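Spelled out, the chains give:
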Amino acid sequence: MIWLTIDIEKITDMNFNVLWKKEPVLDYEKVVDDFLSIKKDHHATAFILGTFAKKYPQIVKKLYKNGVEISCHGMYHNLVYKEGFKEWSKRVTEAKDILENLISERVLGYRSPSWSMPFEKRYYEELARVGFEYSSSYFPMKNYMYGNSIDRKKSFKIYTKFGTIEERPILKYTIPFSGGVYLRVLPLSVLKMLFKKSKDSILYIHPYELLEDNLLKRFKEYADLNLDYFLAFYSFGSTQKKIKTVLRYE
Ligand SMILES: [Zn+2]
């Protein structure tokens with residue numbers, strides 16, 4: 001079964017070096033409705049940024065009421081390896097508290113912004129200390145912004161003095177394929193084959209990938225064009241259609 005996950009943040013929170021001229025206003029309510037209609041009976045988790053939860057508390061509550069697990073994506077979408085350990089810990093705790101206050105339930109999962117949490121025991125120890133039980137922060141390919149060089153195909157446990165954290169890594173077959181830029185860029189035929197090969201993969205998406213418009217075209221007025229802009233927005237076909245197909249609804 002594919003685990004459907006969405007990292008909920010504003011479009012301007014991304015860590016790509018996109019030079020925004022003005023902030024695009026997206027209809028996040030509609031995006032979340034689309035997500036819920038795609039979700040159907042799938043096990044789905046929303047990793048929500050603390051600042052987003054503060055601005056749109058009703059969206060967090062709506063997801064929760066509709067059976068989506070609420071998990072934490074940090075507070076400000078800073079790259080963890082740049083943020084500094086103490087600041088990161090403080091902000092993760094702050095974001096977790098905001099989410100827990102909104103849903104009156106414990107938040108158990110954490111995904112670092114842009115897979116940027118270093119694969120070091122002290123980070124897992126801290127996650128356990130503040131009350132998390134799992135992480136989905138391991139990306140199996142190193143690139144200029146994030147990732148690890150060792151490919152790990154299955155969930156694994158990290159034992160710390162404060163408790164155990166299960167790490168649920170992203171899968172790859174030669175390259176990662178199951179979300180973000182990979183999902184946008186790879187053609188549907190290739191995606192279908194890769195998802196078929198790996199039934200336990202983690203599909204990870206973002207709100208802006210659910211928009212049907214051609215973002216590249218639309219966002220020219222909002223940002224300067226550069227390589228990061230293309231990486232952030234280029235998509236080979238409708239990403240929403242790809243998501244529905246790999247979830248086997250089409
Ligand atoms: Zn994110």
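Above this text is the structure in question.
Think of each chain on its own: its residues are numbered from 1, step by step along the sequence as written. Local features in this predicted model are restricted to residues of pLDDT 70 or higher, and side-chain atom pairs are both shown and tallied only at a pLDDT of 80 or more, whereas totals for entire chains, interfaces and linings draw on every residue. Side-chain descriptors were evaluated using all non-hydrogen atoms of the structure, hydrogens and water having been removed beforehand.

Q: Explain the packing of aromatic side chains residue by residue, including any values.
A: Classification of ring pairs rests on two measures: the distance between centres of Phe, Tyr or Trp rings, Trp counted by its six-membered ring, which must be within 6.5 Å, and the angle between planes, read as stacked under 30 degrees, edge-to-face over 60 and tilted in between. Here the structure, examined in full by the defined rule, presents 21 aromatic pairs. An angle of 65° between the planes, with centres 5.9 Å apart, marks the rings of Trp 3 and Tyr 134 as edge-to-face. One end of the pair, Trp 3, is in strand β1 (residues 3-8); the other, Tyr 134, is in strand β6 (residues 134-135), with 131 residues separating them in the sequence. Each member of the pair, Trp 3 as well as Tyr 134, carries the same accessibility label: buried. An aromatic cluster is built from Phe 85, Trp 88, Tyr 110, Tyr 123 and Phe 132, whose rings are joined through pairwise contacts. Secondary structure elements follow DSSP: runs of H or I no shorter than four residues count as helices, runs of E no shorter than two count as strands, and numbering proceeds from the N terminus. We call a residue buried when its accessible area falls under 20% of the maximum for its residue type, exposed when it is over 50%, and partly exposed in between, using a 1.4 Å probe and counting protein chains only.

Q: Summarise the environment of Gly 50; cite the residues concerned and give the values.
A: Looking at the secondary structure, you find Gly 50 in helix α2 (residues 50-55). Separated by 127 residues in the primary sequence, Gly 50 and Phe 177 place their C-alpha atoms 27 Å from one another.

Q: Describe a nonpolar patch on the surface, listing the residues and the values that go with them.
A: The patches reported here contain residues having more than 30% relative accessible area and no salt bridge. Joining distances are 9 Å for like charges and 5 Å for nonpolar side chains (Val, Leu, Ile, Met, Phe, Trp, Tyr). The Shrake-Rupley method, run with a 1.4 Å probe, gives the accessible areas here. Residue values count only the displayed protein chains as cover. Salt bridges are defined as contacts in which a side-chain nitrogen from Lys or Arg sits within 4 Å of a carboxyl oxygen from Asp or Glu. Taken together, the side chains of Val 185, Leu 225, Phe 230, Tyr 234 and Phe 236 define a hydrophobic patch exposed on the protein surface, amounting to about 440 Å² of accessible area. With respect to the helices and strands, the residue Phe 236 is situated in the loop between α10 (227-233) and α11 (239-246).

Q: For the layout of surface pockets, give the residues involved together with the corresponding values.
A: Computed over the protein atoms alone on a 1 Å grid, cavities are sets of points where a 1.4 Å probe fits but cannot get out and pockets are open sets with protein on both sides within 12 Å along at least five of seven lines; a residue lines them when it has an atom within 4 Å of a point. Grid points are joined across faces, edges and corners, and a volume is the space filled by probe spheres set on the points. Computed from the structure, the largest pocket encloses a volume of approximately 240 Å³. Around the largest pocket sit Trp 3, His 43, Lys 153, Lys 154, Ser 155, Arg 168, Pro 169, Leu 171, Asp 200 and Ile 202, which together line it. Grouping the amino acids of the lining of the largest pocket by side-chain chemistry returns four nonpolar, two polar and four charged. Amino acids outside the nonpolar list (Ala, Val, Leu, Ile, Met, Phe, Trp, Tyr, Cys, Pro) and the charged list (Asp, Glu, Lys, Arg) are all regarded as polar, and Gly is one of them.

Q: Lay out empty space enclosed by the protein with the relevant residues and their values.
A: All told, the structure shown has two cavities of 30 Å³ or more when counted by the stated rule. Lining the largest cavity are 17 residues, with Phe 16, Ser 114, Trp 115, Tyr 146 and His 206 positioned closest to its centre. Tallying contributions element by element places helix α7 (residues 180-185) first for the lining of the largest cavity, with three residues. For the second largest cavity, the calculated volume is near 60 Å³. Lining the second largest cavity, in full, are Gly 74, Met 75, Tyr 76, His 77, Asn 78, Val 80, Glu 83, Trp 88, Arg 91, Val 92, Tyr 110 and Pro 113. Elements represented by at least two residues in the lining of the second largest cavity include exactly α4 (80-83) and α5 (85-103). It is α5 that contributes the most residues to the lining of the second largest cavity, three residues altogether. Residues that form the lining of the second largest cavity fall into these classes: seven nonpolar, three polar and two charged.

These figures capture arrangement, not role.
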